Amino acid sequence: MVELIDTFLANASEYLWGYVLLFCLLGTHLYLTIRLRFPQRYLFTAMRYYVSRGKKGKGEISHFSSLMVSLAANVGTGNIVGVATAVAVGGPGAVFWCMLTGLLGMSTRYAESLLAIRYRTRDPRGHTVGGPMYAIERGLGCKWLAVLFAVFTAVAAFGIGNITQANAVAGVLAESSLSIPSWVTGLFLVVLVAVVLLFGLQGISRVCTACVPTMALLYMIGCFILIGCHIDLIWPALKLICTSAFTEQAAGGGFIGSTFILALQTGVRRGLFSNEAGMGSSPIVSAPVRTPNAVQQALVSSTGPFWDTVVLCTLTGFALTISLLADPGISSHEGNLLTYHAFGTVGAPGSWLLTISLATFVISTLLGWSYFGERALEYLGGERFITPYRVLWVGMVFVGCVIPKSSIVWNFADCANGLMALPNLICLVGLSGVLVSQTRHFLWQRRLDEEDSSITPAEENPH
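Cut-off values and rules
- Think of each chain on its own: its residues are numbered from 1, step by step along the sequence as written.
- In keeping with the model being predicted, local features are shown solely for residues with a pLDDT of at least 70 and side-chain atom pairs are shown and tallied solely at 80 or more, while totals for entire chains, interfaces and linings include all residues.
- With hydrogens and water stripped out, all remaining heavy atoms of the structure feed into the side-chain values.
- Secondary structure is summarised from DSSP: a helix means a run of H or I of at least four residues, a strand means a run of E of at least two, and numbering begins at the N terminus for each.
- Exposure is judged per residue with a 1.4 Å probe applied to protein chains only, and the accessible area is read against the type maximum: over 50% gives exposed, under 20% gives buried, and values in between give partly exposed.
- Contact criterion: two residues are considered in contact whenever any of their non-hydrogen atoms come within 4.5 Å of each other.
- Every accessible area reported is derived by Shrake-Rupley at a probe size of 1.4 Å, with residue values counting cover from the shown protein chains alone.
- Patch membership is restricted to residues that have no salt bridge and whose relative accessible area is over 30%. Joining uses 9 Å for like charges and 5 Å for the nonpolar side chains Val, Leu, Ile, Met, Phe, Trp and Tyr.
- Here, a salt bridge means any Lys or Arg side-chain nitrogen found within 4 Å of an Asp or Glu carboxyl oxygen.
- Paired rings are identified among Phe, Tyr and Trp, the last through its six-membered ring, by centres lying within 6.5 Å, and are further divided according to the angle between planes into stacked (under 30 degrees), edge-to-face (over 60) and tilted (the rest).
- Whether a charge lies above a ring is judged from NZ of Lys or CZ of Arg, which has to be within 6 Å of the ring centre and within 35 degrees of the ring normal.
- Only the stretch in contact is used when fitting a helix axis, every axis being a line fitted to C-alpha atoms; angles between N-to-C directions are given from 0 to 180 degrees.
- An angle below 35 degrees is read as roughly parallel, one above 145 as roughly antiparallel, one from 65 to 115 as roughly perpendicular, and any other as oblique.
- A crossing counts as left-handed when the near helix is turned anticlockwise from the far one by less than a right angle, and as right-handed when that turn is clockwise.
- Residues are grouped as follows: nonpolar covers Ala, Val, Leu, Ile, Met, Phe, Trp, Tyr, Cys and Pro; charged covers Asp, Glu, Lys and Arg; every other residue, Gly included, is treated as polar.
- Expected helix span is computed as 1.5 Å times (number of residues minus one).
- Throughout, bend refers to the angle between the axes fitted to the seven residues that end at a position and the seven residues that start at it.
- What we call a nonpolar core is a set of buried Ala, Val, Leu, Ile, Met, Phe, Trp, Tyr and Cys residues that are connected through their side-chain atoms within 4.5 Å.
- Values of pLDDT, the confidence the predictor places in each residue, fall between 0 and 100.
- Think of it this way: Lys and Arg go in the positive column, Asp and Glu in the negative one, and His and the chain ends go nowhere.
- Here the site of a charge means atom NZ of a Lys, CZ of an Arg, CG of an Asp or CD of a Glu.
- Here a polar contact is recorded for every N or O atom pair within 3.5 Å, except that within protein the pair must consist of a potential hydrogen donor and a potential acceptor, and residues adjacent in sequence are included only if both atoms are side-chain atoms.

## Considerations on the overall build of the chain
Scanning the chain for helices and strands turns up 18 helices and two strands. Residue burial in the chain is summarised as follows: out of 463 residues, 61% are buried. Long-range pairs, those at least 24 residues apart, make up 86% of the contacts in the chain with a sequence separation of at least 6. For the chain, the accessible area works out to roughly 17,000 Å², and carbon and sulfur atoms hold 68% of it.

## Looking at a nonpolar patch on the surface
Together, Val-151, Val-155, Leu-380 and Phe-385 make up an exposed nonpolar region whose accessible area comes to about 270 Å². Along the chain, Phe-385 turns up in the loop between helix H15 (348–381) and helix H16 (386–402).

## What to know about the pattern of salt bridges
Considering all chains together, one arrives at five salt bridges under this definition. Among the salt bridges present, the one from Arg-118 reaches Asp-452, with a minimum N-O distance of 3.1 Å. Of the two residues, Arg-118 sits in helix H6 (residues 93–118) while Asp-452 sits in the segment after helix H18 (432–444), which places them 334 residues apart along the sequence. Overall, Arg-118 belongs to the partly exposed group, its relative accessible area being 25%. A salt bridge links Glu-378 to Arg-375; its shortest N-O distance comes to 2.7 Å. Of the two residues, Glu-378 and Arg-375 both sit in helix H15, three residues apart, roughly one turn of that helix.

## Points about the packing of aromatic side chains
This structure, assessed with the given rule, holds eight aromatic pairs. Measuring from centroid to centroid gives 5.2 Å for Phe-96 and Trp-97, while their planes differ by 90 degrees, and the two rings are edge-to-face. When its relative accessible area of 10% is taken as the criterion, Trp-97 is described as buried. Aromatic side chains Phe-306 and Trp-307 sit 5.1 Å apart centroid to centroid with 75 degrees between the ring planes, which places their arrangement in the edge-to-face category. By relative accessible area, which is 18% here, Phe-306 ends up buried. Taken together, Phe-158, Tyr-389 and Trp-393 form an aromatic cluster joined through their ring pairs. The ring of Tyr-49 has Arg-48 lying over it, and the distance from NZ or CZ to the ring centre is 4.7 Å.

## Some remarks on unusual backbone geometry
For residues that are not glycine, phi is negative in most cases, and the peptide bond is trans in most cases. A positive phi angle is found at Phe-38, which is not glycine, with a value near 55 degrees. Along the chain, Phe-38 turns up in the loop between helix H2 (19–35) and helix H3 (43–48). Accessibility expressed as a relative area gives 47% for Phe-38, which makes it partly exposed.

## Considerations on the environment of Phe-318
By the element assignment, Phe-318 lies in helix H13 (residues 294–326). Assessed through its relative accessible area of 14%, Phe-318 is described here as buried. A C-alpha to C-alpha distance of 9.9 Å links Phe-318 and Val-87, two positions 231 residues apart in sequence. Aside from chain neighbours lying at most four places away, what touches Phe-318 is Val-95, Ile-227, Ile-234, Ala-237, Leu-238 and Ile-241.

## Looking at the packing of helix H8 (residues 143–175) against helix H9 (residues 182–197)
Here H8 crosses H9 at 130 degrees, and the two axes come no closer than 9 Å. By the angle class used here, H8 and H9 are oblique. The element H8 and its partner H9 pack so that their crossing is right-handed. For the pair H8 and H9, contact is made by Val-169, Ala-170 and Leu-173 and by Ser-182, Thr-185 and Leu-189, respectively. Tallied by class, the residues present in the contact of H8 with H9 amount to four nonpolar, two polar and no charged.

## Quick notes on H8
The α-helix winds at 3.6 residues per turn, so residues separated by three or four positions along the chain end up facing the same way. For H8, spanning 33 residues, the distance from its first C-alpha to its last is 47 Å, which sits close to the expected 48 Å at 1.5 Å a residue. The largest bend in H8 is about 40 degrees, located at Ala-156.

## Digging into the nonpolar core
One finds Trp-369 and Trp-393 to be the most contacted residues of the largest nonpolar core, which totals 138 residues. Top contributing element to this core by residue count: H13, with 16 residues. When sequence neighbours within four positions are dropped, the list of residues in contact with Trp-369 reads Ala-73, Thr-153, Ala-156, Ala-157, Ile-160, Gly-161, Glu-276, Met-279, Ser-281, Tyr-389, Trp-393 and Met-420.

## Points about the packing of H6 against H13
The interhelical angle for the contact between H6 and H13, taken along N-to-C directions, is 160 degrees, at an axis separation of 7 Å. Between H6 and H13, the angle falls in the class roughly antiparallel. Both H6 and H13 take part in a crossing whose hand is right-handed. Classifying every residue of the contact of H6 with H13 gives 17 nonpolar, ten polar and two charged.

## Here's the deal with the confidence of the model for the chain
It should be kept in mind that the predicted coordinates are not to be read in detail where pLDDT is low. Scored by pLDDT, the chain comes out at a mean of 81, with 87% of its residues at no less than 70. Within the chain, H18 carries the highest mean pLDDT (95), whereas helix H14 (residues 335–344) carries the lowest (68). Segment residues 250–255: pLDDT under 50, and 16 contacts once partners within four positions in sequence are set aside and those in other chains are kept.

## So, the environment of Ser-113
Summarising the element assignment, Ser-113 is placed in helix H6. When the C-alpha positions of Ser-113 and Ser-301 are compared, they lie 6.7 Å apart, and in sequence the two are 188 residues distant. The contact partners of Ser-113, leaving out residues within four places of it in the chain, are Pro-283, Ser-286, Ala-298 and Ser-301.

## Section: a positive patch on the surface
Among the surface-exposed residues, Arg-35, Arg-37, Arg-41 and Arg-440 lie close enough to one another that they form a single positively charged patch. Residue placement: Arg-37 occurs in the loop between H2 and H3.

## Some points on the side chain of Gln-40
Within the secondary structure, Gln-40 is located in the loop between H2 and H3. Not counting the four nearest positions on each side in its chain, Gln-40 is found in contact with Thr-33, Leu-103, Leu-104, Met-106 and Ser-107.

## Re the side chain of Ser-432
Looking at where Ser-432 falls in the secondary structure, it is placed in helix H18. A distance of 3.3 Å separates a polar atom in the side chain of Ser-432 from a polar atom in the side chain of Tyr-31. Residues within four places of Ser-432 in sequence aside, it is in contact with Tyr-31 and Arg-35.

Listed below in structure tokens is the structure:
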């Protein structure tokens, strides 16, 4: 039965992530990048608002808190296990396509966050809510597509944000020098996540704001240590990543063979899995931000794929490529353990850094995605679904830790990602006129600090 389910999910994932979805995803990234005149060039302007207190405008959390919750959900096993799987399957060239997906994805993240704030509203409890489901319903006037997105989001949350995360950290901790049983890891995560969820968005944002910068810096230090141990291989690794992205790569030197299409598919797939640009998940936490206008927060949100994919994923892929060149004895066939084995080549400090980083990445992702799924279910059926959802969420954390075959959960996550992305991409293209109009007024005409009263949430959510 397990093998049958795994085969079905693998085939479904392969179908969804064939040429059609890759074309839709990259096509939307390119279309929005050109239509919005390369919003990536405002990267440093966006960073300036990290320290803005965000007192102007209506909302519940600051720019920085929203970004940290978004990064908490994005920065997870996709940056470590996902990139390793991409390198194992698609070769070093997958790193290039993963990075390019992150760069182009900045435009898409900008666009979906802008729409989330533009069409946000208020729920019966007085909380500001928003996201693609509200933009689709209120902007496109297509309720059935909004419902479809919310359903896919609720399902995807358990794949990309729950089961895969718990499964990955349990596997690494079991393989580490600590040899922690999976059920012990599961119990620890269950208690920790349950306690934080009691405090809602404010509790999640506080934990993520405190943890995300620290854990990212810690992991980057580990990557730099690994790269520094083989500094003479930096140029050969960089050349191999670039050439493998456009040509076939023969097996050898620790690598398995790959083709251009395989490198493209795995790189783009893992890039999306990591930064989630185009999926519509992260904009859900952009909606409650205190901001004078939608464009200001959209710029801040657009930096998420930069940090998540362009920096962290690229750094991971580069470190792995260098490690495989330095030690061909490291097997790239086991993608889920490849990063752990690579970090282990620098001794105990490398293994410890990776173990701690992965554990904190997973905890933050579990918290961030719990909020996304919660908002999707609230849209579908109101606040009565929130408590049962939280109980189920915590229970599935334990299941993810003890489930024996990781390929099942990764294939499930890929399927859920693809289904979730399609309605959001339709929304982005359909409302591109609104995106251009807002961007022209506030960004191109340099009115980023101007207050827009039209984004004040309605007093009552129609649901």
